[in-house]
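Residue-level structure breakdown
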Amino acid sequence: MPQISETRLKSGAYLYYEGDNAERVYQVISGVLRLTRLLADGRRQVIAFGYPGDIVGFSPSDIHLTDCEALNEVRLQPYRRSALENGDGDPKLHHALLQAALREISGMQDHFMMLGRKSASEKLASFLCVLAERVGTDLGAYRSVTLPMSRSDIADFLGLTTETVSRTFTQLRKSKIIAIDNIHTIIIERPTALLGLSLGDRD
C-alpha cells in the first residue's frame, strides 16, 4: 500500500469538521487532538482526546461525526480508510487499525460509564489516572502529567461545569493528592490515593 505523506497541524488547526467526508483515518505521532461534537441544544461535548499512538477518524458512515482540532503542534500519519474496511493491502496495518478501533470502542464504553456513575471527584481522578498511566513522567515517587487541554475542555469531557472542575482540582490540591505546577502541569503526589478516589474509595 502506498504510504501517504505525514500530516502536520499547528495548535488550533482543524484536521476535519463534523460532516466532512471520512476518507482517511489518522495515527497520532506526536501532540494531542481534541474531538468534539455539538449537542442538539448547542452545548459542546468533548468526545475524546487523541494522544500519540491513538488513531482518530473512525466513522460508521461516510462522514465524520465530530470536529477534530489540534491542542498543540501535532504530527499524524494518515491511512486510507479502505485499509481498515477490507483485507487488501498490508495485513499488519489492517490488524493495527483494527486493534485501534477496538481500543477506541473500549475507551468509549469506559467514558460512558464514568459520565453516568461517578461523582465529580471520581471523574476527575479517573481522568488523571488514565493520563498518568499513558503519558505521565516519573519524578521520583511522584508523577508529572501535562494537560494541554483547558479546564473547560476537561469539563466538557467529564460532563461537569468548568467551575466544578476547577473546584475539584483545588480540593485534590488541598488534600495533597496533587500539586499544581502550572495550569497545564500537575504533579501527582499520592498516586495510590488518586487511584482509590477514582474507584470510589473515600477512606
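Notes on the structure in this doc start here. Everything quoted here is computed from the prediction, not taken from an experiment.

What about the sheet that holds strand E3 (residues 24-30)?
Strand order in this open sheet of four strands is E1-E8-E3-E6, and the pairing throughout is antiparallel. Each edge of the sheet is formed by a strand with only one pairing partner; in this case those strands are strand E1 (7-9) and strand E6 (55-56). Of the strand pairs in this sheet, E1 and strand E8 (residues 74-80) are connected by three bridges, and their pairing is antiparallel. The partner of Arg 8 across the bridge, within E8, is Arg 75.

Description of the pattern of salt bridges
Pairing between side chains of opposite charge can happen when the charged atoms of each approach one another. This model, assessed by the stated rule, comprises ten salt bridges. With a closest N to O distance of 3.1 Å, Arg 134 and Asp 54 form a salt bridge. Taken together, the residues span a long stretch of sequence, with Arg 134 in helix H3 (residues 120-135) and Asp 54 in the loop between strand E5 (44-50) and E6 at a distance of 80 residues. A network of salt bridges, in which partner residues are shared, links Arg 34, Arg 44, Glu 69, Asp 153 and Asp 156.

What to know about the side chain of Arg 34
Examined against the element boundaries, Arg 34 turns out to sit in strand E4 (residues 33-38). With relative accessibility at 11%, the residue Arg 34 sits in the buried group. Reaching out from Arg 34, the side chain makes a polar contact with the side chain of Asp 153 at a distance of 2.8 Å. Excluding residues within four positions of it along the chain, Arg 34 makes contact with Arg 44, Val 46, Ala 48, Phe 49, Asp 67, Cys 68, Glu 69, Leu 71 and Asp 153.

Here's the deal with the packing of aromatic side chains
Scanning the entire structure with this criterion turns up five aromatic pairs. Taking 5.3 Å as the distance between ring centres and 55 degrees as the angle between the ring planes, the aromatic pair formed by Phe 49 and Phe 157 counts as tilted. Linking Phe 49 in strand E5 with Phe 157 in helix H4 (residues 151-158), this pair joins segments that are 108 residues apart in sequence. Positioned over the ring face of Phe 169 is Arg 151, at 4.1 Å from the centre of the ring.

Here we look at the nonpolar core
In a soluble, globular protein the nonpolar side chains are often hidden away together inside. Ranked by size, the top nonpolar core spans 29 residues in total, and within it Phe 49, Phe 127, Leu 128, Leu 147, Ile 154 and Phe 169 carry the most contacts. For this core, the elements supplying multiple residues, two or more each, are E5, H3, H4, helix H5 (162-174), strand E12 (185-188) and helix H6 (191-198). Tallying contributions element by element places H3 first for this core, with seven residues. Those residues in contact with Phe 49 that lie beyond four places of it in its chain are Val 32, Leu 33, Arg 34, Asp 54, Leu 71, Phe 127, Met 149, Asp 153 and Phe 157. Listed in part, the twelve residues of the second largest apolar core include Leu 15, Tyr 16, Cys 68 and Leu 76.

Parameters and conventions
Residues numbered from 1 in each chain as written. Predicted model: local features only at pLDDT ≥ 70, side-chain atom pairs only at ≥ 80, totals over all residues. Heavy atoms only, no water. Pairing = 2+ DSSP bridges. Helix = DSSP H or I, 4+ residues; strand = E, 2+ residues; numbered from the N terminus. Salt bridge = Lys/Arg side-chain N within 4 Å of Asp/Glu carboxyl O. Buried < 20%, exposed > 50% of the residue type's maximum accessible area, 1.4 Å probe, protein only. Polar contact = N/O pair within 3.5 Å; in protein donor to acceptor, adjacent residues only side chain to side chain. Contact = heavy atoms within 4.5 Å. Phe/Tyr/Trp six-rings, centres within 6.5 Å; stacked < 30°, edge-to-face > 60°. Lys NZ or Arg CZ within 6 Å of the ring centre and 35° of its normal. Core = buried A, V, L, I, M, F, W, Y, C linked by side-chain atoms within 4.5 Å.

Just distances and angles here, no functional claims.
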